[in-house]
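Here are the chains, one letter per residue:
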Amino acid sequence: MSDIDLTSRPPAMQPLSLERRPFELRALTSGLLTGLTWGIAILGSIPLFSVIIMLVAEGGSRLDIEALTALPPAGFEMGGGFGNAIIGTLVMVAIAAAISVPLGLLAAIYLAILDPYSVVAGTSRFVAKTLTGFPSILAGVFTYAVLVINFGYSAVAGGVALAVLMLPTVVLAAEESMKQVPQKMTDAAFGMGCTRSQVIWKVVLPTGLPGILTGIMLAVAGAAGESAPLLFTALFSNYFMSELMEPTASLSILIYNFSAMPFDNQIELAWAASLVLVLMVLVFNILARLIGQSKV
Amino acid sequence: MSATAEAMAQSILPTAAAFSPVGPTVIDCQLEKVFYGDFLAVRNSNVPIEKGKITGFIGPSGCGKSTVLRSLNRMNDLIPIFRFEGHVKYHGQDVYGKNVDPVVVRRYIGMVFQQPNPFSMSIFDNVAFGLRLNRYKGNLEERVQKALERAALWKEVKDKLQKSGLSLSGGQQQRLCIARAIATEPDVLLMDEPCSALDPIATRQVEQLMLELKERYTVALVTHNMQQATRVADTTAFFGVDISQGGRTGYLVEMGETSRIFEDPQEELTKQYVSGEFS
Amino acid sequence: MAVNPFQHADSASSISGPPSGSDYLADSIFRVIALSCASLIVVLILYILWEIGGLALPAMAQHGLGFVSGTTWNVGSQEFGVLPEIWGTLYSSFLALILGGTFGVGIAIFLTQDFIHARLAAVFRTIVELLAAIPSVVYGLWGIYVVIPMLRPVAEWLHSELGFIPIFGTELSGPGMAPAALVLAIMILPTVAAITVDAFRRIPYKVKEAAYGMGTTRWEAILKVMLPTASSGILAALVLGFGRALGETMALAMLIGNSNQINLSLFAPANTLASLLASSFPEAGQIEVQALMYAAVVLLVITLIVNILGLGIQQYTVRKFEGKA
């Protein structure tokens, strides 16, 4: 690249060229790398499209009222569906949200506003961050040790396992959105003579609400798709649930069980159930985005 | 340093001559030292705030005038490393007394901030905020209207009271914040450079408003703008920065009637400042 | 409760008053509740460690460190060792990291370094986020019916032509390391991409300006200025992606073949700690549950080390850009 020698060239005779030189080495390397990057981006999005196509083609063809409402078929049985699994998933996610949202929100209030720099706040923030990288199956192992050994497999145990997974997500997302409430607004509230709790209830929570709801929705979406923690907490059931303290079906466990079966009917149902599960997760995701955009 | 040497060092520090206002004093600030952590931010400033008057705080940036103002209603308590030594007597009672709750202090001594800071709620709810906070039992609409009228904002917003306070222009937002502060009729209003984020027209409107507010309230005003002080303040306190001790410590240099401070300053520093030699 | 020394303040028209007793009570109660909830998170993780540790204790006492080096998992003879699972966990995560890391960082560069219009970049970002939203079991199902059939001819060819290389040493009979690692790579890609994007975004614009101002091409700017500046953030992304891969369960349980062996070959079936737990737990008796709890402890220790390392690097990066390091 040292073809421009400023010391010896008589400037008038050989003017310095500022034109593009497309075949120079740096231009070629650039082109190659740019092509590679485009390739990576396109190749990286293929799996998503492949998954979507399979879901629509395989799952969509089997998705009907029967699939959505009937009970899972046994062995060589034809037909059937996963109505009980849909209900089970919804119930367990609801239990998880009912436990983790209030706890997580209150903890976030403490971390973001009441005492952000205290030892307790620092420790729980660190623990929450560590918990987000926690293998989800360990939430199942923990719930097994605490609840299942004593009370048996149940929807409640499944819900608790999912709540353990949701809690750190809710805490961190809620803390983040509360911190984004401008300090001048909280100053104004303190200046009016609000107690700390009044500042939180009257100003911080209402202002940070869209962000908090987004975080909750994303946590719910994640929990709905989880399966590992349900494996040995809720187990599975071939029947509709009649109470919360019995083994309960869920979409994700149904997909896991059916995927390994040697029967076409079950495999088709696994695809249909996957489609329903993905749609469920997507609905929560889209809701989260919509709420997040509705900021003032 | 021995005790006597320290006392001597203290005695040679320049301090302002005592100023006593003619009328009754609402807040008598006897500030000895204000620290942020180990940093001595302001020292030895006795600032009496006279009832029914506007007291202006002027001085170069970093002189601690905002710190002094925010010490009056204990807003600085929100900063963990802040420490106040001295007394702030409000109707004779020490705001920094042992049993005093800063929350109560702020209910009586309202504040308007440098940046307009309406809450992200409707215009009506912004103004009604303090009324609801104090569980006002009377006619909410009437009070809100009165406060907005007094803040010279009613005509502009009376048809859109349910719109977000954040949808207003900067000048309107600041008047909304003033309306919010005066809706509960606090005894004293602290204004911390309320016009610094506003354009000249909005500034005029807010200044006009201050002159009207003086009829009912006692106002303490921090301003970076000397013309603004001459236009609205009855009494002016000039703060300077003392770098003689190696730090940057603010202190009260001189205080008196605004016309005297600007036309006949007694201190050399004040003279230089009001004649525009530094800012 | 503080007294109100200002009740005699002469402000006849003022409606200001001190907060009521119930306001103060609500304030105190609320603070206590919030503090308990924040502490609960800390208590929770201690409790988790305590419970899992407690159940694993008999197995720990019985098998000791031999558990980590043992290679058999035989319930009948009560022989329990998880070396193949540890190997499978680390090997699959490592393979996924190489593939998912390359793609994640590549996509992050693509999204942040002005390759495409901002609006198109938003579309791509949504695609990557959607990849993260697809549940693990769905990836497992997709892996069984799309990835494995697709890989089989490729694997056959590689094995017959290059079978002397250990990583192609066996045939792909169905589930195995390659499909598992491939799906795992797709699953950690969004994590790596998102954290790397953050790392690039944190670089002040003036740094990029300075590079272009020196007359660099876009790629010289990326390779010589942007990547080194973002390097600690990218490292954090890779470590956290690796941590995610270690704990991933369902897709692996469905794709890796759950076979207790240590094999370098990409096409041989293997097992991981998480999928061992998933596949054995539901039917395990008391003794096996204790051994599985021990396996859970091993998994916990590995992921905690990796995650704390990743968080540490991430925090260091943030501080570096805030000028505190």
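Values in this document were obtained by computation on a predicted structure and should not be read as measured data.

## Some details on the overall build of chain B
Scanning chain B from terminus to terminus reveals 11 helices and 10 strands. Over its C-alpha atoms chain B spans a radius of gyration of 19 Å, differing by no more than 12% from the 19 Å that the globule rule assigns to 279 residues. Dimensions along the principal axes, computed over C-alpha positions, put chain B at roughly 65 × 45 × 35 Å. Burial status across chain B gives 49% buried among its 279 residues.

## Things to note about the confidence of the model for chain C
All names here are of chain C. Confidence in the prediction of chain C, expressed as mean pLDDT, is 88, and 94% of residues score 70 or more. Of the regions scoring below 50 in pLDDT, residues 8–12 engages in 5 contacts with residues more than four places distant in sequence or in other chains. Scored as a whole, the predicted complex attains pTM 0.86, and scored at its interfaces, ipTM 0.89.

## Some remarks on the UniProt feature "transmembrane region" (unreviewed entry) in chain C
All names here are of chain C. Cross-referencing UniProt, the feature "transmembrane region" (unreviewed entry) maps to residues 29–50, 90–111, 123–148, 180–200, 221–242 and 291–313 in the present numbering. Secondary structure across residues 221–242 divides into 100% helix and 0% strand, with the first and last C-alpha atoms of the span separated by 28 Å. What you have in residues 291–313 is 100% helix and 0% strand, and the ends, taken at the C-alpha atoms, are 33 Å apart.

## Details of the interface of chain A and chain C
Listed by partner, the interface residues are 64 residues for chain A and 68 residues for chain C. By residue class, the composition of the side of chain A that touches chain C is 42 nonpolar, 19 polar and 3 charged.

## So, the sheet that holds strand E2 (residues 39–50) of chain B
Residues and elements named next belong to chain B. If you trace the 10 strands from one edge of the open sheet to the other, you get E5-E4-E1-E2-E10-E9-E3-E8-E7-E6, paired in mixed fashion. The strands lining the two open edges of the sheet, one partner per strand, are strand E5 (93–94) and strand E6 (109–112). Relative to strand E4 (residues 82–90), strand E1 (residues 25–36) runs antiparallel, the two sharing 9 bridges. Across the sheet, Lys33 pairs through a bridge with Glu85, a residue of E4. Sheet strands in contact with helix H2 (residues 65–72) are E1, E2, strand E3 (54–58), E4, E6, strand E7 (188–192), strand E8 (218–222) and strand E9 (235–242), and its direction is about 120° off that of E1. Against the sheet, helix H7 (residues 170–182) contacts E6 and E7, and its axis sits at roughly 175° relative to E6.

## Some points on the nonpolar core
Core analysis: the biggest nonpolar cluster contains 282 residues, and A:Ile255, A:Ala273, C:Ile52, C:Leu184, C:Leu277, C:Met293 and C:Ala296 have the highest contact counts within it. Looking at this core, the element that brings in the most residues is helix H6 (residues 177–201) of chain C, giving 19 residues. In this view, C:Leu277 contacts A:Ile137, A:Val141, C:Leu292, C:Ala295 and C:Ala296; residues no more than four positions away in its chain are not counted.

What counts as what
Position numbers for residues start from 1 in each chain and track the written sequence from start to end. Both sets of labels track the order of writing: A upward for chains, 1 upward for ligands. Side-chain atom pairs in this predicted model are given and counted only at pLDDT of 80 or more, local residue features only at pLDDT of at least 70, and totals for whole chains, interfaces and linings cover all residues. Strands here mean DSSP runs of E at least two residues long; helices mean DSSP runs of H or I at least four residues long; both are numbered from the N terminus. Within these notes, the globule rule equals 2.2 Å times the number of residues to the 0.38 power, and the radius of gyration is based on C-alpha atoms. Backbone-placed C-beta atoms define the burial measure: a residue is buried with 20 or more other C-beta atoms within 10 Å of its own, exposed with 12 or fewer, and partly exposed in between. As a per-residue measure, pLDDT reflects the predictor's confidence and takes values from 0 up to 100. We call two residues in contact if the C-beta atoms placed from their backbones are at most 7 Å apart. UniProt positions are given in the numbering used here, feature names are shortened, and annotations may be inferred rather than shown by experiment. Under the convention adopted here, Pro, Cys and the residues Ala, Val, Leu, Ile, Met, Phe, Trp and Tyr are nonpolar, Asp, Glu, Lys and Arg are charged, and Gly plus all remaining residues are polar. Strands are treated as partners if at least two bridges between them are detected by DSSP. Helix axes are fitted only over the stretch in contact, all axes being lines through C-alpha atoms; the angle between N-to-C directions runs from 0 to 180 degrees. To count as a nonpolar core, a set of buried Ala, Val, Leu, Ile, Met, Phe, Trp, Tyr and Cys residues must be joined through C-beta atoms within 7 Å.

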